[in-house]
Amino acid sequence: MTVFNARKTEYKDKIRAIATDEAVRLRIVVPRNISCSAATLCITKEGEETACYAMFWAGMCGEEHEYWELHFSATTAGLYWYHFELETPWGKSFVKNTGSGIGDFAYDGAEFQQTVYDKAFTTPNWLKGGLIYQIFPDRFYNSGTEKTGVRPTRVMRPWGAEPYWYEEQMGGIWNNDYFGGDLKGIEEKLSYLASLGVTCLYLNPIFEANSNHRYDTADYEKVDPLLGTEEDLRSLCAKAREHGVSVLLDGVFSHTGCDSKYFNMYGNYKAVGAYNSPDSPYYSWYKFEEYPDKYKSWWGIKLLPELIEENEDYRTYICGENGIVRRWLRCGARGWRLDVADELPDVFLDDLRRAVKTEKPDALILGEVWENASTKFSYGARRRYLLGEQLDSVMNYPFADAVLNFVKFHHAEGFFDAILSVTETYPPQVTNVLMNHIGTHDTERAITRLAGEDPEGHGRAWQHERNTLSDRDYRRGVRLLRLASLLQYTLPGVPSLYYGDERGMQGMKDPFNRACMDWTNPDEELLHWYKRLGEIRKGCPAFKDGELIPLYAQNGTVVYTRTAAHSEVLVAVNAGDEVTDISLPDAWNACYTLLGEAPVYGTLRLEPLTYALLTRER
């Protein structure tokens, strides 16, 4: 019998982060034959001394084991690490984490993690149970509206042409080809987005910049003229709300473009930039080593000079009462996605949260963090993103990897380990608003990752040759994408759909994953599938905050339930090559089949690459 399992309620009654002053019951099951005379919980808040708490004997477990337990709570937020120590006639025994939350006798095993967050911490309810749709603005839809103030050096391309991908095409100016997607174009497609069940629209950067991705901000105070005007953004936000859709903006606050009014390397702006003079009002924002040509830049890319986010003037400009963050919330946006959030220091994130929540208490703050955000270490310290004073949510890369790797490689046993490593360490209010993507502007498109070759380590020429799947691989890719999207739409958190994935768009990494939306030749079957998923998600309360309960993970198949107060959903996916029969509890004899095959006499049969989505009342 297992001594301790941090992922089973028999041992730990709350398999998640807990709030300050909230108790969690911890129970161990000890063999009688070791003659345990005392059991102790040894727990350490990170950066502090270890505290030890005596556990009490709680009765027998059968004839050969006994229970020891206690309730633990903490008054301050933070990360707590713990193990158990047992006194026996043969000396002290240690119960530590030997992997996947299993506690066994081990002197040098790992510690268990317990996240404790501020009990006052809340996240926006409006996103829970919803659906995010990500748009790369230049490539979604061109309304044909005439634009003014656009630099003549921008290279305008016909809609649907292949993005430039090699240097000779770009004449030495990278990311300078544009297709004219704009804010009015997005507004014109709001009915389409609503038909997918979209409730939150995440836009890649829209502020003036001099690359088509716009992560090289030139002016935080101005919508890029090729996308439209501030009035166009106000109109989009207002019209979106009429469709039940909120707009999330992309904040790029760790760096600017060198071609910006703040740095102004090329003299294209009237302002005196930091590059132009040490007397510039922006000079103190940047990290010059040898003025003016040697300066710190983001990942060594000289086009992207780094900002000093700790600088008080810069923080006031972004987070002050009349700063950038609050200004665009007043314009109608309902939150911010923070680019490279793990490169923003705590003092900046603290200021930003105060600014956002003061201006609009139900606004969302979502950070780009690629790892488990509860244990992220940067700036020489453990980060406190999810303890109640900084982020509401993060981009859920661990889930994305878990879903895509399971569907592609059939490793069912590792699927839940990856999922639970997040849900057991995050506050539940964070888990319920996680951005669950399986493809973004930074990765190859989901169908390409599932059915294509791995582009890792290969250049653009290699990717270009393999950018389009064969008909056979595409059809297989569609089947795999169905499995992946079903998992994505039913796991805890909020699915994020990258524009065009629902229509069968393919693409390797940047720039191939950023092609123009194909409005003329969609995969109608796949589009119908995504619309059906959106309908199901909207109609099932379990997807808002229902508890995740893993049931089965073998033979390339995973099964789990999401449980709400009055309803329950069962999800089963067979990504393997063999038929799998699943015996279901009697409670599922009277269920409704939303997708896939129904169980027969208590058995659910899943053919290879098939699925089932069942629901029942409780």
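Look a little higher up for the structure.
The structure contained in this document is the topic of the report that follows. (Residues numbered from 1 in each chain as written. Predicted model: local features only at pLDDT ≥ 70, side-chain atom pairs only at ≥ 80, totals over all residues. Heavy atoms only, no water.)

Further remarks concern the side chain of Arg 27. With respect to the helices, strands and loops of the structure, Arg 27 is situated in strand S3 (residues 24–31). The buried category is assigned to Arg 27, whose relative accessible area is 18%. (Helix = DSSP H or I, 4+ residues; strand = E, 2+ residues; numbered from the N terminus. Buried < 20%, exposed > 50% of the residue type's maximum accessible area, 1.4 Å probe, protein only.)

This paragraph deals with the sheet that holds strand S28 (residues 547–554). One open sheet holds the 5 strands; their spatial order is S28-S29-S30-S34-S32, and the pairing between them is antiparallel. Since the sheet does not close on itself, it has two edges, and those belong to S28 and strand S32 (592–596), each with one partner. Strand-to-strand twist in this sheet, taken as the mean axis angle between neighbours without regard to direction, amounts to 15 degrees. Of the strand pairs in this sheet, strand S29 (residues 557–563) and strand S30 (residues 567–574) are connected by 7 bridges, and their pairing is antiparallel. Among the inter-strand pairings, Val 558 is bridged to a residue of S30, identified as Val 573. (Pairing = 2+ DSSP bridges. Axes fitted to C-alpha atoms, helices over the stretch in contact; angles between N-to-C directions.)

Side-chain alternation along strand S31 (residues 580–583) places Thr 580 and Ile 582 on a buried face and Asp 581 and Ser 583 on a face that remains uncovered. Looking at chain direction, S31 and strand S33 (residues 603–606) are connected through 4 bridges and run antiparallel. Bridged to Thr 580 within S33 is Leu 606.

With that settled, the discussion passes to the packing of aromatic side chains. Within this structure, the stated rule accounts for 46 aromatic pairs. With 6.0 Å between their ring centres and 65 degrees between their planes, Tyr 489 and Tyr 530 make a pair best called edge-to-face. With Tyr 489 in helix H13 (residues 471–490) and Tyr 530 in helix H14 (residues 524–539), this residue pair connects regions lying 41 residues apart in the sequence. Pair check on accessibility: Tyr 489 and Tyr 530 agree, each one buried. Feature note: the residues Phe 207, Tyr 220, Phe 253, Tyr 262, Tyr 282, Trp 285, Tyr 314, Tyr 317, Trp 328, Trp 336 and Phe 348 constitute an aromatic cluster, connected by ring pairs. For Lys 189, the ring lying beneath its charged end belongs to Tyr 141, and the centroid distance is 4.5 Å. The ring of Trp 519 has Lys 189 lying over it, and the distance from NZ or CZ to the ring centre is 4.1 Å. (Phe/Tyr/Trp six-rings, centres within 6.5 Å; stacked < 30°, edge-to-face > 60°. Lys NZ or Arg CZ within 6 Å of the ring centre and 35° of its normal.)

Turning our attention to the environment of Cys 200. In this structure, Cys 200 sits in strand S15 (residues 200–203). Since its relative accessible area comes to 0%, Cys 200 is described here as buried. Separated by 408 residues in the primary sequence, Cys 200 and Pro 608 place their C-alpha atoms 34 Å from one another. With residues up to four places along the chain from it excluded, the contact list for Cys 200 reads Trp 126, Leu 127, Leu 131, Ile 132, Tyr 133, Val 245, Ser 246 and Leu 248. (Contact = heavy atoms within 4.5 Å.)

By the definition in use, this model includes 57 salt bridges. The salt bridge partner of Arg 330 is Glu 359, with a shortest N-O separation of 3.1 Å. With Arg 330 in helix H6 (residues 324–330) and Glu 359 in helix H7 (residues 346–359), this pair connects stretches of sequence that are 29 residues apart. The class of Glu 359 is partly exposed, set by a relative accessible area of 21%. We note a salt bridge from Asp 342 to Lys 376, for which the minimum N-O separation is 3.2 Å. Here the residue Asp 342 occupies a position in the loop between strand S21 (335–338) and H7, and Lys 376 occupies one in the loop between strand S22 (364–367) and strand S23 (377–378), the gap between them amounting to 34 residues. Like Lys 376, Asp 342 is buried. Within this structure, Asp 219, Glu 221, Glu 230, Arg 234, Lys 261 and Arg 327 form a network of salt bridges that share partners. (Salt bridge = Lys/Arg side-chain N within 4 Å of Asp/Glu carboxyl O.)

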